[in-house]
Amino acid sequence: MFRGIDEVDWASLRHAYGSAEDVPGLLRGLASADPAERETALDGMYGAVHHRGDVYDSTLACVPFLLALAVREEERGRAEVVELLVSIGGADGSGDAADDLAARARAALRAGAEVFVRLAGDADAGVRRAAVEALVRFLDQPARVLALVRERLTVERDEGVLLALIEGLGLFARRHRSAGEARATEAVRLLATLSGPPHGPGPRLAALGQLAGCAPESLPADLIPTVVQLLRDRSGQRACTRHPPDRPGADTLADRLRRLRPSDEEGSQLLRTLHRALGGRVADRVALLCGQLTSPDPLDRCNAVWMSAGLFREWRTGTEAPVALIGAQLGAEESWLHDAAVAVLVELFDLAAPAADHLHALVACRPELRIRHGERGTPTLGGPLKALARAGDARAVPLLAEVLAGPVVPDDLGLVIPHLGRAAAPLAPALRRRLARVPLDGPGRQERAVPLLSALAALGDTESVPSVGRLLRGMPDGPGLCDAVTEAAAHALGAFGSAAHATVRDLHGLLDTDCAVTAARALWSVTGAADTVLPVLVRELAETERGRRRRAAAGLLGRLGPAARPALPGLRRMTGSGDALERAVAACAVWRITGEPEKQVLPVLRSAWAEHPRTRTTIAGCVKALGPTGAPLHDLLRAELRSPRRHRADAEGHGPQDIHADEVLLRTCRAALAE
C-alpha cells in the first residue's frame, strides 16, 4: 500500500512546520498495530500535514497512500483515515497557491472515489459511517450516489451508520437543490419519509434535522412537540450505563474537560444539527431547549445546557425560561451536569438572574464550592459564587465577606465587585486591608493588587487613597516604573477624584512613563486642570507605535471637550488611520471637542459601525455623551436595539465576555436615546 512512498522527494515538500521529510513515518504510523502509535501518527497528520484544515503540497502527496490504506481490510484505524480524507477534500484554501492545492486535492479524491463506493459496504461499521460523506462529496455521479445511499438505507442495521446515511441525504440535497436537480427533490422526499413512523426515534430526529437544513417547508407544523417526544423515546431506549461516572481525585484540566463532555455525543449531534438549521427561529429553539432541559434523562439535559450557550451567544431574545431551567440543574446529583450549568451561567452576567435563586441556594449550603483550587494549586473564586456576583445579586455580598474573612482568599475575588455596584460597599474595609498588605515586590504582586484596585475603584472607596498611593510611591525601582499595578493604581486614583489630591505629585511622576495616559486621566479627574494634561495627550497622539495608548489619549481628549482644540489636527489625521477602532475613537473625539459633526466624522463613524462591530460600544458611548447633539447617529442605535442578533455574532470564535459586551452596548444605546 506504500509502494512508491520512498520515491517521493518528501524533503522538498512542505507542511505547517517546514520540511515534510517526517511524513513517510507518519503514514506508516497510521498502519501500525499499536493503537498509541496510530493515534500519534494521526495527531501528526492533523497537526502538521493538514494543520488547521490547510492543504500543503505534502498533503496532496499523501492522498494516494491514504486511499490505499483505507481499502486494506486487515488494517485498523481506517475509519479515521477516511475522516482525514474527507477533511482534506473539504479544505477551501487561504490564498491563490493554497486554493490551487485544495482544488487538486479534491480532484484527486474525485478520481479515487470508487474507493468510497467500496467502503460504503465495508465490514467495519466505523468505516461505513465515515465513507458516506466521502461518497456524497467526491463521487461525481448524482444518480449513482442517490441509488447507493438508498440501497444502504434498506440493508443497514447499525444505527450510527444509518444516521450517517441520513446526514448524507441532507448533504446531497443541499449540494444539488440550488441547480434544480430533480434527484435533490427525491432525496428530500426520502428524508420526509424517514422522519415519520415506523422509523425509530434516532433516525427520525436525524431526518428532521436534515429537512430543517435543506427543505424547511417540509417540516411538520408540530415540529417542536414531535422532536421533544422523539428525544424522550430515544432516551428511554438508551442504556443508563452510558452515564459518565463521577471522577474523584485531582481537579486537572483534562479531568474537567472529560467530566464536561457529554457521553451521548450522537444525541448531541442530532440536536445540534436541528438547532443550527433552525437558525433565527429563536422562539422554536427556545421551546426546544426548554423541552430538552425538562427531559427525565440527565444526559439530554446536559446536552441542552451546552447547546443553550450557542443560542445565548448569538441571539438577544428568549433567555429567561431556559436560564431558569439551567439554574434548576444545579440541584442535580450528577456533578458533570452541575458543572456544565455553572460553566454556562458564568458567561451570562446579568442574564443569569433567573437562575440566581438556585445559585444562591447552592453556594449557601455548600461552602466548599465558593473557592476552587485549580490544577496548579492557585485558588480562584468558585463558579457558582462568581456567576451569582456577576449577575449583580446582592446575596453574593455576605458570602464574599465570608470568603474574605477566611484563611484562603482567591486573588480574582475583586474582579466581581464592579458587577455588584453599591451593594458591595460593606466589603470595602476588608478589601482595603488586603490592599494594604500587598507586598511592593515579589511574586504574585500583580495578581493580588490589580483585582483589589479594580474593586476599590468601582466602589469609589476614598479611604483607600493612602494604600493606593503607597503602591505608587513604594515601587522597587521608583515611581517612574510603570506596570499593570501602577496603571491600576492610577486608574483607581482617578476614580476617587478630588479625594486623591494628596497623590498629585506621584501622578505627575508618571507622565513620562508608559502609564502617561492613565496618569493624565487621573490628574484631570483629581485637579480638573486640562492644561496640565493636554501636552501629554498631544504627544501620545504622535506616537505611531503606541496604538492602545494613542486610542486612550484620543478618548480622553474627547472628554476634555473644547479645551482640547489644540489636539484637533492630530485627531483629524487619526480619522484616516488603518485601525477601525482608532478611526472611531478619533472621530468621536473631534465631534465632542468641536460640538458638531465635521464633514469627515459621520462617514467615518457610520462605516466603522457597519464594518467593525467592536467599535459600536465606543460610538454609542460618544452619542450618549453628546446628548441631543448626537441625533445624526440615533438611527444606528435604534437599528441596533431592533436587531435580534448580538453584535459580535458574526465574529470568528467567541470570547467569554462577548454576551456581557453586547448587553453593555444595548444599555448604552438605550441610555443615549433616553438623553
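Criteria and thresholds
- Residues numbered from 1 in each chain as written.
- Predicted model: local features only at pLDDT ≥ 70, side-chain atom pairs only at ≥ 80, totals over all residues.
- Heavy atoms only, no water.
- Helix = DSSP H or I, 4+ residues; strand = E, 2+ residues; numbered from the N terminus.
- Buried < 20%, exposed > 50% of the residue type's maximum accessible area, 1.4 Å probe, protein only.
- Areas by Shrake-Rupley, 256 points an atom, 1.4 Å probe, with all protein chains shown as cover.
- Lys, Arg positive; Asp, Glu negative; His and termini not counted.
- Charge placed at Lys NZ, Arg CZ, Asp CG, Glu CD.
- Phe/Tyr/Trp six-rings, centres within 6.5 Å; stacked < 30°, edge-to-face > 60°.
- Polar contact = N/O pair within 3.5 Å; in protein donor to acceptor, adjacent residues only side chain to side chain.
- Contact = heavy atoms within 4.5 Å.
- Arc of directions from axis to C-beta.
- 1 Å grid on protein atoms, 1.4 Å probe; cavity = no way out; pocket = protein on both sides within 12 Å on 5 of 7 lines; lining within 4 Å.
- Points joined across faces, edges and corners; volume = space filled by probe spheres on them.
- Nonpolar A, V, L, I, M, F, W, Y, C, P; charged D, E, K, R; others polar.
- Core = buried A, V, L, I, M, F, W, Y, C linked by side-chain atoms within 4.5 Å.
- Salt bridge = Lys/Arg side-chain N within 4 Å of Asp/Glu carboxyl O.
- Expected span 1.5 Å × (residues − 1).

Student: What is the right way to read the overall build of the chain from this model?
Tutor: Scanning the chain for helices and strands turns up 35 helices and 4 strands. Along the first, second and third principal axes, the C-alpha set of the chain runs to 85 × 60 × 50 Å. Of all 675 residues assigned to the chain, the portion counted as buried reaches 52%. Of the roughly 29,400 Å² of accessible surface on the chain, 51% is carried by carbon and sulfur atoms. Distance from the positive charge centre (83 side chains) to the negative charge centre (85 side chains) of the chain: 5 Å.

Student: Mind showing me how you'd approach the packing of aromatic side chains here?
Tutor: Between two aromatic rings, the relevant description is the distance of the centres plus the angle of the planes. Applying the stated rule across the entire model yields 2 aromatic pairs. Between W10 and F65, the aromatic rings sit 6.3 Å apart at their centres with planes inclined by 45 degrees, giving tilted as the arrangement. On the criterion of sequence distance, the pair formed by W10 in the segment before β1 (14-15) and F65 in helix α3 (residues 57-70) is long-range, its members being 55 residues apart. Look at W10 and you get buried, because its relative accessible area is 5%. A relative accessible area of 8% means that F65 is categorised as buried. Here the aromatic rings of F116 and F138 are separated by 5.8 Å at their centres, their planes lie at 40 degrees, and the arrangement is tilted.

Student: Sorry if this is basic, but what is going on with the side chain of H275 here?
Tutor: Structurally, H275 can be placed in helix α14 (residues 265-278). Within the structure, H275 has its side chain in polar contact with the side chain of Q292 (distance 2.9 Å). Once you skip the residues sitting within four places of it in the chain, H275 turns out to touch R285, L288, L289, Q292 and M307.

Student: So what exactly am I meant to see when it comes to the environment of P439 here?
Tutor: Along the chain, P439 turns up in the loop between α22 (428-436) and α23 (445-459). Note: C-alpha distance between P439 and S32 (407 residues apart in sequence) is 56 Å. For P439, the residues in contact, after removing those within four places along its chain, are R445, R448 and R470.

Student: Can you help me understand the environment of A184 in this one?
Tutor: Looking at where A184 falls in the secondary structure, it is placed in helix α10 (residues 182-194). Residues A184 and V465, 281 residues apart in the sequence, show an inter-C-alpha distance of 72 Å. Aside from chain neighbours lying at most four places away, what touches A184 is F172, A173, H176 and R177.

Student: Would you take a moment to explain helix α17 (residues 320-328) for this structure?
Tutor: Buried within α17 we find P322, V323, I326 and G327. Projection of α17 onto a plane perpendicular to its axis shows the buried side chains occupying an angular sector of 145 degrees, all on one side. On its buried side, α17 packs onto α15 (282-293), α16 (298-314), α18 (335-346) and α19 (356-365).

Student: What is the right way to look at empty space enclosed by the protein in this model?
Tutor: A complete count under the given rule lists 4 cavities of 30 Å³ or more for this structure. Considering only enclosed or pocket space, the largest cavity measures out at about 60 Å³ in volume. Contributing to the lining of the largest cavity are L404, V409, P410, D411, L413, G414, L431, R434, R448 and L452. Every element with two or more residues in the lining of the largest cavity is listed here: α22 and α23. Residue composition of the lining of the largest cavity, by class: 6 nonpolar, 1 polar and 3 charged.

Student: What is the right way to read the nonpolar core from this model?
Tutor: Grouped burial of nonpolar side chains is what soluble globular proteins tend to show. Within the largest apolar cluster, 223 residues are counted, with the highest numbers of intra-cluster contacts made by L27, F116 and L400. A total of 10 residues in this core trace back to one element, the largest contributor, which is helix α9 (residues 159-177).

Student: Would you mind showing me how to read the side chain of R390 here?
Tutor: Summarising the element assignment, R390 is placed in helix α20 (residues 383-390). Buried charge without a salt bridge: R390, with D412 as the nearest opposite-charge side chain at an N-O distance of 7.5 Å. When neighbours within four sequence positions are excluded, R390 is seen to be in contact with V346, F349, D350, H419 and Q657.

Student: Teacher, can you tell me more about helix α31 (residues 580-594) here?
Tutor: Given 3.6 residues to a turn, an α-helix orients residues that are three or four positions apart in the same direction. Here α31 contains 15 residues, and its C-alpha end-to-end distance of 21 Å stays within 8% of the 21 Å for a straight helix at 1.5 Å per residue. Taking burial as the measure, the 15 residues of α31 include 13 buried ones, the bulk of the element. Structurally, the start of α31 carries an N-cap: the backbone nitrogen of L581 is 3.2 Å from a side-chain oxygen of D579. Just beyond α31, the residue with positive phi is G595, at close to 85 degrees.

Student: Sorry if this is basic, but what is going on with the pattern of salt bridges here?
Tutor: Once the charged atoms of two side chains with opposite charge are near each other, the side chains can pair. In total, this model carries 44 salt bridges according to the counting rule given. Here R648 ties to D658 by a salt bridge, and the two come within 3.0 Å at their closest N and O atoms. One end of the pair, R648, is in the loop between α34 (634-642) and α35 (658-674); the other, D658, is in helix α35, with 10 residues separating them in the sequence. In terms of burial, R648 and D658 fall into one category: buried. Among the charged side chains, a network of salt bridges with common partners joins R316, R616, E640, R646, D662 and E663.

Keep in mind that these numbers describe shape and distance, not what the molecule does.
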